[in-house]
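# Structural overview for review
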Amino acid sequence: MSSAPSASGSPSAARPLPMRASALLLDMDGTLIDSGPAVERSWNQLLRELGTDLEFGPEQHGKPARQVLGEMLPQLDAQQLDAAHRRIEELELEDVQEIAVLPGTERLLRELDGAAEQLGRATWTIVTSCTRPLFEARWARTGLAVPEGLVTADQVSHGKPHPEPYLLGAERVGVAPEQCIVIEDSLGGLRSGTAAGASTIAVTSTTPAGDLAPLADALVTSLDDLEVRADGAELVLSRRGS
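Let us look at the structure shown here. (Residues numbered from 1 in each chain as written. Predicted model: local features only at pLDDT ≥ 70, side-chain atom pairs only at ≥ 80, totals over all residues. Heavy atoms only, no water.)

Further remarks concern the sheet that holds strand β10 (residues 234–239). Spatially, 3 strands are ordered β1-β10-β9 in an open sheet, and the strand pairing comes out antiparallel. Only two strands of the sheet have a single partner each, and these edge strands are β1 (19–21) and β9 (226–231). Within this sheet the neighbouring strands show an average axis-to-axis angle of 25°, counted without direction. Note: β1 against β10, 3 bridges, orientation antiparallel. Bridge pairing in β10 places A21 opposite L235. Here helix α4 (residues 105–119) sits on the sheet in contact with β9 and β10, set at roughly 5° to β9. (Pairing = 2+ DSSP bridges. Helix = DSSP H or I, 4+ residues; strand = E, 2+ residues; numbered from the N terminus. Axes fitted to C-alpha atoms, helices over the stretch in contact; angles between N-to-C directions. Contact = heavy atoms within 4.5 Å.)

Through backbone hydrogen bonds, the strands of a sheet pair up, either in parallel or in antiparallel fashion. Pairing within the open sheet is parallel, and its 5 strands lie in the order β5-β2-β6-β7-β8. Two strands in the sheet have a free side with no partner beyond their single neighbour: β5 (124–126) and β8 (218–220). The sheet shows a mean angle of 20° between the axes of neighbouring strands, direction not considered. Pairing analysis gives 4 bridges linking strand β2 (residues 23–26) to strand β6 (residues 180–184), with the strands arranged parallel. The residue of β6 that forms the bridge with L24 is I181.

Note that an α-helix has 3.6 residues per turn; residues three or four places apart therefore point the same way. In this model, helix α3 (residues 78–94) (17 residues) spans 25 Å end to end at C-alpha, consistent with the 24 Å of a helix rising 1.5 Å per residue. Summarising the contacts, the buried residues of α3 are in contact with α1 (36–49), α2 (65–72) and α5 (132–139). (Expected span 1.5 Å × (residues − 1).)

The following block contains the structure:
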């Protein structure tokens, strides 16, 4: 279901909203919840503790912590990498008090659950670059139920932008990846979804729209721009109010 970027570098017009799919695979941070300030505080504290003048930026969003560490600090040996990974997990687990549900999240998940009842099968899950403990700490702040089929970073060998997380997410909801729509806020997440064969929608919450547009089939400012309903055996995802 994914459309290739056009020669001009912008998404092809072949797959505008509304889009049809069998399931949605949703990123968490920056898509369902606002954890951006906490993420940046934690990472920038770690980078200062390690004596660097580096800053955590949009390119790092959406990737597993160990992968980000390897990219930003390639000079670390295995022991230092393990220590830094433990420290960033500790910092992020401590900084969850300001986690907030983003606009449209609760409504869209209710619509997906209603569609699931109508269709008699799973219609969505979360595919996150958090570890399971960090997912639980952040998601607990939302008061929302944990979906079946959840994929966390410690359940895959290769994190985003590798396709493995979204391939596993599709498998867990029982749907071919080509019949899924991935909703993401990060460049790495969009690359992961596209490589898995899914269609993609970018949320412009953490990364500039101009950077996201070449990688996505559609752009929205938040999930509040979207609505979903069952139609026959499929989901129809539309712009809200259109």
